[in-house]
Amino acid sequence: MRRRLAHRDEGGAVAVMVGVLAVVLFGVAALAVDLGNAWARERSVQKQVDLTALSVSHLLPASETDLATITTAAAAYLVRNAASGQGTVLPGDLHNGSVLDGEVHLQDENGAPCQTDCVRLSVTAPQARVDFGLAGALGQGGTDVQRSATVQVFSSIPRGESVLPFWLPSGCALGPAMLDATPGSGPGKFGSTTVTADADEAATSARSAPSAATASPAATPTATPTATPTATPTATPTVLPSDVQQGGHTVVGPIVPSVAWVGQTLTVSNLRLTKIPSNIDRASIRFVAPDGTWHEYAAMDVGRTDPLIVPPFSIGPEVTGTPGTWRVYGVVQEKNDRKLPQISVDHQTLTVNGTPPASAPPAPAPAPLPATGAGMDSEIVVPASTAVGCVGQQRGNFGQLDSPRKSGEGTADALALNIAAGLDHLLEPYRFASGAAVVKECGSGTRTIPGARLDDVSQDGRNCITGLPGNRVSPLGPGFLTGVGARPGRIAAERGSTTCQGRSDVSYGGATINNDVLSCFLRGGASLDDISKATGVTPAMLDPAVIRSPRFVWVPVVHAADRVQKGFQPIREFVPAFVTDESPVSTRGLSDATAANGIVLNGGGRQVQGIQVYVFNKDALPIEASAPTVAYDPVVGMKVGRLVR
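Residue positions are counted from 1 within each chain, in the order its sequence is given. Only residues with pLDDT of at least 70 get local features here, since the model is predicted, and only at 80 or more are side-chain atom pairs given and counted; chain-wide, interface and lining totals rely on the full set of residues. With hydrogens and water stripped out, all remaining heavy atoms of the structure feed into the side-chain values.

Let's shift gears to the overall build of the protein chain. The helix and strand tally for the protein chain stands at seven helices and 33 strands. Under the scheme applied here, a residue whose accessible area is under 20% of the maximum for its type counts as buried, over 50% as exposed, and between as partly exposed, the area being computed with a 1.4 Å probe on protein chains only. When each of the 645 residues of the protein chain is scored for burial, the buried share is 50%. Within the protein chain, counting contacts between residues at least 6 apart in sequence, those at least 24 apart form 72% of the total. If you sum the accessible surface of the protein chain, you get close to 28,000 Å²; carbon and sulfur atoms cover 55% of it. In DSSP terms, a helix is any run of H or I states spanning at least four residues, a strand is any run of E spanning at least two, and both are numbered starting from the N terminus. Contact between two residues is taken to exist if any of their heavy atoms lie within 4.5 Å; hydrogens are not considered. Accessibility throughout is a Shrake-Rupley quantity obtained with a 1.4 Å probe, and a residue counts as covered only by protein chains that appear here.

In structure tokens, the structure reads:
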């Protein structure tokens, strides 16, 4: 009997234990199923909010006044990609101060709350309800799932291997451009057929200017140099430089109310060009020194209005270092015009008075004018070193880049290899602080502008570049055509054969090279003129396959409008270019490229002496999502939105 009772007790205990374990196992199973559903819902909500944040990132940078547009777009994407368990999202829900129904916040690049020019956007999705099933038996009715995402916009920049080791001044960053490495005399002469009052002023300035040998700077300057425009513009000399022809337009001042001491930088503003033709492609401002040498500054990329308003620009010791009366002309180039640029019928004057302060070196004396007399021409030779304008193709308007390589080649060898293979490190634009004045020099040594990283060592992130003094001829042939060591030339067919219909690879300069033209990649009836406009350019105008042609390159742009700059200059942006000599009139199937197609050989046909490229608006290209990026800069553009949290 006792044994039977013992067995009954044991059986009851087992039953109780099984019951308890069943409940536990049932609960665990319930939690596993329901928590698994909650985890899956979190993934769904995260995907929803990630997609929403990326989809509205094109609206950044933004300010508080843009929130209505942003919340409307965000609400639409949240609804379109709604997760189960969410209610309908309205735009007003996303900025009502309650996070439960979703919220949108603007942030700066550090994640702090932001009101203007905000580059970050945080999006929180509305709560998604997950009702528990099996876990309901345990008293757990469900849970609410909510996720957030933060997106930031950056500026895309080209990889080093895509960058051609040349630089463009900011006023010449659209349309045809030419690197002319030809040695020789200057582009022409600047003078007059008679000794006019203007010529007398120049002669007087030349005779009275202090020379480097006799000038003795005092501790206190004796006079303040000023820029004094004439009340009435005077006529252009009838003997013009050989690089321009007479135009019918005028240049209107004033130039500047005052200047700093001799040798310092000043800003020129309030200049206008009037009576200009309606189809102007480029314009520049030419400063002619008392001795007739001149410097030219970009005025505007594209102009279609009369008057043409010249944006403010900076000049430095190349002008202010020479006391005397300077003549200031406007030079314009008509679209599709292969003839000489046109110079204004009149000019303003800029008089630099005074001596440098004691801390500054004395200004060099200008060269004396040739002897003149009644009936004799007053002709002044313009040295080639000062011919730099961004109009016309008679002289070069972009320069070679002095960028080092990790392998330590000398200047010429490094340039050839940089042409063939691209740079071996990443250059970045210099980012000017908000409200800071834009300058065209980075400085040197320990005296540099804040944040300047000089390209004097091969390291990523360099943002200040320097040009070579003069242009080197010998690296061009190997760099572009025949190759350097194991590296084929930049446009060698080995790097990519011609793909343009009706064209084929050609032998040129001892190498077989690609013979693509930019116009064959045009779409939608666009012309080269259309894609080189400052505004209104879209990727619909250009086949993205253009980037696969070996003739496609990127070129850094600097603020300076002249190659007189000898020091390091801040990179402002990068622009896409194509090695070709086509003009803006070219369209798909109607190219006007010559047989040389952008490569200029010397008379014997054995040495490359120049390169021509066509620069176009980067808005014609799609953004490469995987490209390197830097902090967003509206000058650089190329906006890319990326999730940062």
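This part is about the pattern of salt bridges. The rule for a salt bridge is simple: a side-chain nitrogen of Lys or Arg has to be within 4 Å of a carboxyl oxygen of Asp or Glu. Taken as a whole and judged by the stated rule, the model has seven salt bridges. With a shortest N-O distance of 3.2 Å, arginine 431 and glutamate 109 are connected by a salt bridge. Residue arginine 431 is located in the loop between helix H5 (411-421) and strand S23 (443-444), and its partner glutamate 109 is located in the loop between strand S1 (103-107) and strand S2 (120-124); the two are separated by 322 residues in the primary sequence. Residue class for arginine 431 comes out partly exposed when judged on its relative accessible area of 42%. According to the relative accessible area criterion, glutamate 109 is partly exposed, its value standing at 33%. Overlapping salt bridges bring together Asp529, Asp530 and Lys533 as one network.

To continue, consider the state of the cysteines. Only a pair of cysteine sulfur atoms within 2.5 Å counts as a disulfide in this structure description. Applying the stated criterion to the full structure yields three disulfides. Bridging cysteine 442 to cysteine 464, the disulfide has an S-S length of 2.1 Å. Taking the sign of the torsion about the S-S bond as the criterion, the disulfide between cysteine 442 and cysteine 464, at about -85°, is left-handed. Of this pair, cysteine 442 sits in the loop between H5 and S23 while cysteine 464 sits in strand S25 (residues 464-465); the two residues are 22 residues apart in sequence, bridging distant segments of the chain. For cysteine 442, a relative accessible area of 1% corresponds to the buried category. Should the bonded cysteines of the protein chain be numbered as they appear in the sequence, the pairing reads 1-2, 3-4, 5-6.

All right, on to the sheet that holds strand S16 (residues 308-309) then. Ordered by their spatial adjacency, three strands build an open sheet running S11-S13-S16, and the pairing between neighbours is antiparallel. The open sheet has two edge strands, strand S11 (250-252) and S16, and neither has a second partner. By this definition, two strands are paired if DSSP reports at least two bridges between them.

So, about the side chain of aspartate 516. Within the secondary structure, aspartate 516 is located in the loop between strand S27 (511-513) and helix H7 (528-531). Positive residues here are Lys and Arg, negative ones are Asp and Glu, while His and the chain termini are left out of the count. Although aspartate 516 is buried, it makes no salt bridge; arginine 503 carries the closest opposite charge, 6.2 Å away. As used in this structure description, the phrase polar contact means that two N or O atoms lie within 3.5 Å; if the pair is within protein, one of them must be able to donate a hydrogen and the other to accept it, and residues adjacent in sequence are counted only when both atoms belong to side chains. A polar contact of 3.2 Å, which involves the side chain of aspartate 516, links it to the backbone nitrogen of cysteine 500. Dropping the residues within four chain positions of it, aspartate 516 is found in contact with Ser497, Thr498, Thr499, Cys500, Arg503, Phe521, Ser549, Arg551, Phe578 and Asn597.

Ring geometry is summarised as follows: Phe, Tyr and Trp rings, the Trp one being its six-membered ring, pair when their centres sit within 6.5 Å, and such pairs are stacked at plane angles under 30 degrees, edge-to-face over 60 and tilted between the two. Applying the stated criterion across every chain yields a total of five aromatic pairs. An angle of 85° between the planes, with centres 5.9 Å apart, marks the rings of phenylalanine 552 and tryptophan 554 as edge-to-face. Summarising the burial analysis for this pair, phenylalanine 552 and tryptophan 554 share the class buried. Aromatic rings pair up to connect Phe552, Trp554 and Phe616 into one cluster.

Let's shift gears to helix H2 (residues 67-80). Here, expected helix span is obtained from the residue count minus one, scaled by 1.5 Å. The terminal C-alpha atoms of H2 lie 20 Å apart, and with 14 residues this matches the ideal 20 Å at 1.5 Å per residue to within 8%. Of all the residues in H2, the buried ones are Leu67, Ile70, Thr71, Ala73, Ala74, Ala75 and Leu78.

Moving on: unusual backbone geometry. The omega angle of the peptide bond from leucine 60 to proline 61 is -10°, so this bond is cis rather than trans. Phi at lysine 275 is positive, roughly 60°, even though this residue is not glycine. If you trace the backbone, lysine 275 turns up in the loop between strand S13 (272-274) and strand S14 (280-288). Unusually for a residue other than glycine, methionine 638 sits at a positive phi of about 50°. Position of methionine 638 among the secondary structure elements: in the loop between strand S32 (629-631) and strand S33 (639-643).

Okay, H5 next. Counting buried positions along H5 gives eight out of eleven residues, so the element sits mostly inside the fold. Of the residues making up H5, those classed as buried are Ala414, Leu415, Ala416, Leu417, Asn418, Ile419, Ala420 and Ala421. Looking at the buried residues of H5, the elements they touch are strand S6 (166-169), strand S22 (399-400) and helix H6 (476-482).

Here threonine 498 lies in the loop between H6 and strand S26 (506-508). At 2.7 Å, the side chain of threonine 498 and the side chain of aspartate 505 are in polar contact. Of note is the side chain of threonine 498, whose polar atom sits 2.7 Å from the backbone nitrogen of asparagine 515. In this structure, threonine 498 is in contact with Arg503, Ser504, Asp505, Ile513, Asn514, Asn515 and Asp516, ignoring residues within four places of it in sequence.

Turning our attention to the nonpolar core. Counting residues in each nonpolar core, the largest one holds 34 residues, and the members touching the most others are Leu518, Phe521, Ile531, Leu542, Val546 and Phe616. Of all the secondary structure elements, the ones that give two or more residues to this core are H7, strand S28 (552-558) and strand S29 (569-579). Each nonpolar core is a collection of buried residues, namely Ala, Val, Leu, Ile, Met, Phe, Trp, Tyr and Cys, held together in the definition by side-chain atoms within 4.5 Å.

We now examine the environment of serine 344. Structurally, serine 344 can be placed in the loop between strand S19 (342-343) and strand S20 (346-352). Remark: the alpha-carbon pair of serine 344 and threonine 274, spanning 70 residues in sequence, is separated by 9.3 Å. Separated by 2.7 Å, the side chain of serine 344 and the backbone oxygen of aspartate 346 make a polar contact.

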